[in-house]
Amino acid sequence: MRSQSDIRESLLAAWRTNARVTSELIELLPEEMWDAPLPGVPRKRVRMIAAHLHNARCGWIRTLGREHGVKAPEQLDRSRATQRQVLAALKRSGAAMETLFKLGLDSGALPPSKGYVWRNLSLDLGHVVTYFVAHEAHHRGQIVMLARQMGHRLPGEVQARLWRWRKS
C-alpha cells in the first residue's frame with residue numbers, strides 16, 4: 001500500500017514530466033513553423049496553440065486558486081508571443097499549477113471556489129491532474145501533426161522525448 005507521501009510525490013512528478021515535455025516540444029520546434037499559417041486554418045499559427053497552453057493554465061489557476069492565494073501569471077498575447085516568451089511563461093504557469101496541486105494535496109481535493117461555476121471537473125487531484133495532462137497532450141499531438149502537414153516532420157529523437165522514452 002502506498003503512503004500519502006508517495007501518492008503526493010507521484011502526482012507532482014507526473015505534472016512535472018508533463019510540463020517538461022510540453023516545454024521541450026515548444027523549444028525544439030523549427031523556427032519556420034512558429035508563424036506559418038496552419039493548413040486549413042490560415043488565420044491560426046502554432047504560436048497561438050503554444051500560448052494557449054500557458055493561457056489555459058492561467059485561467060484555471062485564477063478560477064480554482066485565486067480565492068485560496070494561488071496567483072496566476074499574466075497571460076500571453078497569443079498572436080504575438082515568441083518561442084522564448086512562451087517558454088518563460090510555461091515555466092511560470094507550470095510552477096503555479098504545482099502550487100494549485102499542492103493546495104489540493106494538503107486538503108485531499110481542491111477546495112471549492114466561487115469562481116468555479118462550470119463545475120464539471122471533479123476536484124479530486126487524480127482527476128484534476130489527469131485533465132490538465134490530457135489537455136496538453138492533445139495540443140502536443142496537434143503540433144506534431146501540424147509539423148508533418150507543414151513539411152517539418154519532427155526528428156525521431158524529438159518525438160521520443162514526448163514519451164520520455166529512455167535509451168537502453
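Everything discussed here concerns the structure shown above.
Residues numbered from 1 in each chain as written. Predicted model: local features only at pLDDT ≥ 70, side-chain atom pairs only at ≥ 80, totals over all residues. Heavy atoms only, no water.

### A short note on the pattern of salt bridges
Item 1. With the rule as written, the count across this model stands at 8 salt bridges.
Item 2. Across the pair Lys102 and Glu98 runs a salt bridge, and its minimum N-O distance is 3.7 Å. One end of the pair, Lys102, and the other, Glu98, are both in helix H4 (residues 83–107), 4 residues apart, so they sit about a helical turn from each other.
Item 3. A residue is classified by how much of its surface remains accessible, and Lys102, at 32% relative accessible area, is partly exposed.
Item 4. Through salt bridges with shared partners, a single ionic network connects Arg16, Glu98 and Lys102. (Salt bridge = Lys/Arg side-chain N within 4 Å of Asp/Glu carboxyl O. Helix = DSSP H or I, 4+ residues; strand = E, 2+ residues; numbered from the N terminus. Buried < 20%, exposed > 50% of the residue type's maximum accessible area, 1.4 Å probe, protein only.)

### Quick word on the packing of aromatic side chains
Working definition: an aromatic ring pair is given by the centre-to-centre distance plus the angle between the planes.
Item 1. Across all of its chains, the model carries 6 aromatic pairs by this definition.
Item 2. Plain terms: the ring middles of Phe101 and Phe132 are 6.1 Å apart, the flat faces sit at 45° to each other, and that makes the pair tilted. Of this pair, Phe101 sits in helix H4 while Phe132 sits in helix H5 (residues 125–149), and the two are 31 residues apart along the sequence. Comparing Phe101 with Phe132 shows no difference in burial state: the two are buried.
Item 3. Taken together, the ring pairs connect Trp15, Trp60, Phe101, Tyr116, Tyr131 and Phe132 into an aromatic cluster. (Phe/Tyr/Trp six-rings, centres within 6.5 Å; stacked < 30°, edge-to-face > 60°.)

### Here's the deal with helix H1 (residues 4–28)
Item 1. Compared with the 36 Å implied by 1.5 Å per residue over 25 residues, the 36 Å span of H1 between its first and last C-alpha is a close match.
Item 2. Within the sequence span of H1, burial applies to Leu11, Leu12, Trp15, Asn18, Ala19, Val21, Thr22, Ser23, Glu24, Leu25 and Ile26.
Item 3. Buried residues along H1 sit in contact with helix H2 (31–34), helix H3 (46–65), H4, H5 and helix H6 (156–162). (Expected span 1.5 Å × (residues − 1). Contact = heavy atoms within 4.5 Å.)

### What about the nonpolar core?
Item 1. Of all hydrophobic cores here, the largest spans 25 residues; its most connected members are Ile26, Leu29 and Val86.
Item 2. Listed by contribution, the elements that provide at least two residues to this core are H1, H2, H3, H4, H5 and H6.
Item 3. In terms of residue count, H3 provides more of this core than any other element does, 5 residues in total.
Item 4. With residues near it in sequence (within four places) discarded, Ile26 still touches Trp34, Ala50, Gln83, Val86, Leu87, Leu90 and Ile143.
Item 5. Counting residues in each nonpolar core, the second largest holds 22 residues, with Leu12, Ala72, Met97 and Val128 among its members. (Core = buried A, V, L, I, M, F, W, Y, C linked by side-chain atoms within 4.5 Å.)

### As for the side chain of His54
Item 1. Inspection of the secondary structure assignment puts His54 in helix H3.
Item 2. Residue classification places His54 among the buried residues on the basis of a relative accessible area of 0%.
Item 3. A distance of 3.0 Å separates the side chain of His54 from the side chain of Ser93, its partner in a polar contact.
Item 4. Non-local contacts of His54, meaning those with residues more than four positions away in its chain, are made with Pro73, Glu74, Gln75, Leu76, Ala89, Leu90 and Ser93. (Polar contact = N/O pair within 3.5 Å; in protein donor to acceptor, adjacent residues only side chain to side chain.)

Treat this as a map of the structure, not an account of what it does.
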